[in-house]
Amino acid sequence: MASTKPLHLAVVGFGRIGQACAELIALSHDIAVEAFVRRPASGAEGLPDHLRHIPLMTHAGQLSAVDGALICVPTSAVKETASQILQHGIPIVDCAILHGESFHAHKEAIHKLALHYRTPAIVGAGWDPGGLSVFRSWLALLTPGGVTETTHRPGITLRHTVMAKSVVGVKDARCTEIRTADGRLQRYVYVELEQGANPDRVAEAIRADPLFLGEETQVFPVESLSSLEEAGRGVVLDRRGPPGRLGHHHFLIEARFDESVLTAQVMLAAARALPDLDPGAYSLWDIPLSALWGERADKAEREWL
Ligand SMILES: NC(=O)c1ccc[n+]([C@@H]2O[C@H](COP(=O)([O-])OP(=O)(O)OC[C@H]3O[C@@H](n4cnc5c(N)ncnc54)[C@H](OP(=O)(O)O)[C@@H]3O)[C@@H](O)[C@H]2O)c1
């Protein structure tokens, strides 16, 4: 049965994934960030105001009284960091990007440490490896002998827009067209603003241009267009069952997403499963789906089964 006590977690490393974990936890009702662990040189740099009250540590050994640690450091540092945390009897979740044999070797190494320190650990709990691996595995289970094609691609294609870029106060701009669920075409214009520029005036000027008149145009100021282009990712998963007299089975999943946010979602789901695990290392498909739902398991079963 899933635990109903709130989980107190440490976030180790405050890069893209660490930040996404902290933001999602701030929105959750069943998890709290108890501490951040950052390299001494990083200090409180980049921590937004609403997270500055959370204790900041410079070494995993300083952690105590947490239910688990989300390891969000570069892949090359994950094993060492995991070892430092497990030796204090603190369960961990990692999402290191390792596949195939490298993933297997990593899981084995963490398993030995986790058994030694009598603590559970969940490895590869991100998007890929992680959620996407589970989708792929399920499709293969449903269609033995079939073929899977996985195509990674950018989430949205952003075009340069000379017109928006020429508006006073705009440093750079990109646009894209998106069709709404009811079939209407909307134009999204993303703008990087000059310092001190007024976003409302910029939006007004763009919408008033003959090029955009008559179309529903949304203008979004962003900090960095290049990170927007990087964050938006997509994948097409195409699985075809083998031809034969048992019917033709074809699955097509198309997804667009922010990879850091999806990875953080999976890490939080994995963390919810920690309290009920025995010592040892687990991957996502060693863990029952109900455990990943935490306190919402019963409701999710009614809704999805
Ligand atoms: N499974 C997936 O789908 C998936 C997707 C993306 C990323 N990942 C994994 O997520 C982890 C973090 O990725 P990220 O994109 O967040 O990376 P990132 O933006 O580079 O952030 C990593 C953070 O770790 C800390 N750090 C840097 N060098 C370190 C070192 N040598 N030792 C200890 N800490 C160090 C820094 O935080 P401080 O300044 O706060 O110390 C840094 O901001 C990686 O293991 C990556 O493989 C998984």
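Residue indices follow the written sequence of each chain, beginning from 1 at its first position. Whole-chain, interface and lining totals are the exception, using all residues; otherwise, since this is a predicted model, local features are given only for residues with pLDDT of at least 70 and side-chain atom pairs are given and counted only at 80 or more. Based on all heavy atoms of the structure, the side-chain values leave hydrogens and waters out of the count.

Asks: Hey, could you run me through the overall build of the chain in this one?
Replies: Scanning the chain from terminus to terminus reveals 10 helices and 14 strands. Taken along the three principal axes of its C-alpha coordinates, the chain extends 70 × 65 × 35 Å. Relative to its full complement of 305 residues, the chain shows a buried share of 45%. A sequence separation of at least 24 residues applies to 64% of the contacts in the chain between residues at least 6 apart. Strands are runs of DSSP state E lasting at least two residues, helices are runs of H or I lasting at least four, and both sets are numbered from the N terminus onward. Only protein chains enter the calculation, and the probe is 1.4 Å; a residue is then buried if its accessible area is under 20% of its type maximum, exposed if over 50%, and partly exposed in between. Here, two residues are considered to be in contact whenever any of their heavy atoms come within 4.5 Å of each other.

Asks: For this particular structure, what's the right way to read the site of the ligand?
Replies: Throughout, near means a residue has at least one heavy atom within 4 Å of the molecule or strand. Around the ligand, the structure places 23 residues, and the nearest of them are Ile17, Arg38, Ser42, Val73 and Thr75. Polar contact is defined as a pair of N or O atoms within 3.5 Å, subject to the rule that within protein one atom must be able to donate a hydrogen and the other to accept it, and that residues adjacent in sequence are counted only when both atoms are side-chain atoms. Separating an oxygen atom of the ligand from a backbone N or O atom of phenylalanine 14 is a distance of 2.8 Å. Within the backbone of cysteine 95, a nitrogen or oxygen atom sits 3.0 Å from a nitrogen atom of the ligand. For the ligand, whose free accessible area comes to 920 Å², the fraction covered by protein is 79%. When contributions to the shell around the ligand are tallied by element, the ones reaching two or more residues are helix 1 (16–27), helix 2 (75–86) and helix 8 (259–273). The method behind every accessible area is Shrake-Rupley, applied with a 1.4 Å probe, and residues are considered shielded solely by the protein chains displayed.

Asks: Help me understand the sheet that holds strand 2 (residues 31–37) in this model?
Replies: Sheet strands associate in pairs through backbone hydrogen bonding, adopting either a parallel or an antiparallel arrangement. Only when DSSP finds a minimum of two bridges between them are two strands counted as paired. The strand order across the open sheet built from 7 strands is 3-2-1-4-5-6-14, with neighbouring strands paired in parallel fashion. The open sheet has two edge strands with one neighbour each: strand 3 (56–57) and strand 14 (280–282). Relative to strand 2, strand 1 (residues 7–12) is paired through 6 bridges, and the arrangement is parallel. Looking at strand 2, one finds that valine 11 is bridged to phenylalanine 36. Of the strands in this sheet, strand 1, strand 2 and strand 4 (68–71) are in contact with helix 1, which crosses strand 2 at around 150 degrees. Note on definitions: angles span 0 to 180 degrees between N-to-C directions of axes, and those axes are lines fitted to C-alpha atoms, for helices only across the stretch in contact.

Asks: Before we go on, may I ask you to explain the environment of alanine 26 in this structure?
Replies: Mapping alanine 26 onto the fold places it in helix 1. Distance in space between the C-alpha atoms of alanine 26 and threonine 217 is 31 Å, their sequence separation being 191 residues.

So yeah, pure geometry; function would need other evidence.
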